[in-house]
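Per-entry structural report
The lines below spell out each chain.
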Amino acid sequence: MTQMVRKANAFDILNHWVLSISFLVLTISGFGFLFHLEQLNSLFGNFNNMKVVHNWGGVVFSVSLFFTLFSYLPEALSLSSDDIGWIVKGGGYFSKKAVIPPQGKLNTGQKLYYLFTLIFGITIAASGLIIWLLPGVRTWVLLSHLLHNLSFNLMVIAIPFHIYLGTLANPGTFRIMVYGTVPLEWAKKRHSKWVQKMGF
Amino acid sequence: MAKKALLISPELCIGCRGCQTACKSWNQLSGTKTTNRGSYENPPDLTPDLYNRIRYVEMSSETNIMRWLFVSQRCMHCDDAGCIKICPAPGALFKTKEGAVAFNKEKCIGCKLCVAGCPFDVPRYDEKDKISKCHLCSDRIAEGLSPACAKACPTGAIAYGDRDSMINRAKGAGYQKIYGETDLGGLGALYVFKDPPKVYGMIEKPAIPETVVFWHKVLKPLTYIGLGGAVAVSLLHYVAVGPKKDEGGEEK
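Keep in mind it's a predicted model, so treat the numbers as computed, not measured.

Another point: the domain arrangement of chain B. Looking at chain B, the domain boundaries give domain 1 (4-82 + 114-200) and domain 2 (209-246). Its C-alpha centre places domain 1 of chain B at a distance of 46 Å from the equivalent point of domain 2 of chain B.

Take a look at the structure:
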């Protein structure tokens, strides 16, 4: 039997699902507000309901984002020269022969993606809260409206890449989101520093 | 249909506030108790129950001890309306065929973004958190009637008609500049002033907030392009380069 190692615990898995589903709901309703998609009434009933779902979905997203701090932040901040090597090689995604420096529990791309998500996640959550809780306070609402949409733009660009890289582009990765474990051999090839640190 | 407009001439206004009363009467808006602030101006600001009010500007100079200006303050019915632009709820704010900016409380989701989008600080919210403002008596004008304020005005200070004829009328009365003739695509409430607009308490160059224009023109289309582009690039990568296989070319 293949030897497995645990990369994510039950809490990490659950929280990532909460984050991703809340993000999906927020994105769909967000597009609804942006482009007046009345077709979404079949999903939410009406725009009043959609606003309630969007606001409270934002709260769920914010809480979930807070908990990711414990799962990913320390690892994401531990950047080294290997990360520069990874960036120079484009993560090995542009050539089958590319050799990339050894990676820790998260590879460089994952670290940078997490920091990106954290920064713009906090921006989109904070600006959303201001629009919700300080209605009519013109300067704050206008600034928040701009930041909310700017962050949204960046996130809808980043998320498809994140989903692609976590599924089709890297076979064997998506099972982390389901079981939390990966084959030891797979981990050795992709996260050798992490495997070494665990003493395998 | 020809665009309609109000032509407001403060020089003709006698400050009787018949327009305020007629507006409340037609739109079934209740009165509000206010306190004496030492001015005949009353109430002090627009409220959810006050769509139109006369602003009293009291000023004195050496040649004129007491000059009293009366200006109707209300929704300006912008052609290019910031409130409609920023509103996330379809049908909550809309343009009528006469050019009025009207609203539908049932569609309003109470987010108050229109308050931030309006250059004139007009939208107010009622106790149920629904938008409330002048709608140019859209129900009356749809039937070919005048708005209640214009109907009630005894001096012609608030006139209503085809926008073009209102402009001609103002020019015929000797006014070179008409406030709102071209601002924001052309306002549905035109004003003629003898002094600079700010003397009457009006903004000199009204405009939709720049952040809202930028969001509307740049960020909105970018959302679709960005999302679609990211998906397309991912698929292209899958076809052109393909997934990372565990067999080789990994870390060393």
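Once you've had a look at it, read on.
This part is about unusual backbone geometry. For the peptide bond that leads from B:Asn42 to B:Pro43, omega is -10°, which places it in the cis range. Within the secondary structure layout, B:Pro43 lies in the loop between helix H1 (18-27) and strand E2 (53-59). Here A:His36, not a glycine, exhibits a phi torsion of approximately 50°, which is positive. Within the secondary structure, A:His36 sits in the loop between helix H1 (10-35) and helix H2 (41-44). A residue is classified by how many C-beta atoms lie within 10 Å of it, and A:His36, with 16 of them, is partly exposed. Phi angles above zero are rare outside glycine, and B:His77 is one such case at about 50°.

Another point: the packing of helix H3 (residues 47-77) of chain A against helix H5 (residues 108-133) of chain A. Residues and elements named next belong to chain A. Two numbers describe how H3 lies on H5: the axes approach to 10 Å, and their chain directions differ by 150°. Between H3 and H5, the angle is such that the two are roughly antiparallel. Of the two elements, H3 crosses H5, and the hand of that crossing is left-handed. Of the residues in H5, those touching H3 at Asn55, Gly58, Phe61, Ser62, Leu65, Tyr72, Glu75 and Ala76 are Lys111, Tyr114, Leu115, Gly121, Ala125, Gly128 and Trp132. When the residues that make up the contact of H3 with H5 are grouped by side-chain class, the tally is eight nonpolar, five polar and two charged.

Okay, the interface of chain B and chain A next. Listed by partner, the interface residues are 32 residues for chain B and 43 residues for chain A. Looking at the side of chain B that touches chain A, the elements with two or more residues in it are helix H3 (113-117) and helix H7 (210-240) of chain B. Considering each element in turn, the side of chain B that touches chain A owes the most residues, 13 residues, to H7(B).

Attention shifts here to the environment of A:Ser71. Residues and elements named next belong to chain A. In this structure, Ser71 sits in helix H3. For Ser71, a count of 17 C-beta atoms within 10 Å puts it in the partly exposed group. Spatially, the C-alpha atoms of Ser71 and Val137 are 36 Å apart, while their sequence positions differ by 66 residues. If we ignore the near neighbours within four places in the chain, the residues touching Ser71 are Asp12 and Asn15.

How each quantity is defined
- Residues numbered from 1 in each chain as written.
- Chains lettered and ligands numbered in written order.
- Predicted model: local features only at pLDDT ≥ 70, side-chain atom pairs only at ≥ 80, totals over all residues.
- Domains from an automatic or database assignment.
- Helix = DSSP H or I, 4+ residues; strand = E, 2+ residues; numbered from the N terminus.
- Buried ≥ 20, exposed ≤ 12 C-beta atoms within 10 Å, placed from the backbone.
- Axes fitted to C-alpha atoms, helices over the stretch in contact; angles between N-to-C directions.
- Parallel < 35°, antiparallel > 145°, perpendicular 65-115°, else oblique.
- Left-handed = near helix turned anticlockwise from the far one by under 90°.
- Contact = placed C-beta atoms within 7 Å.
- Nonpolar A, V, L, I, M, F, W, Y, C, P; charged D, E, K, R; others polar.

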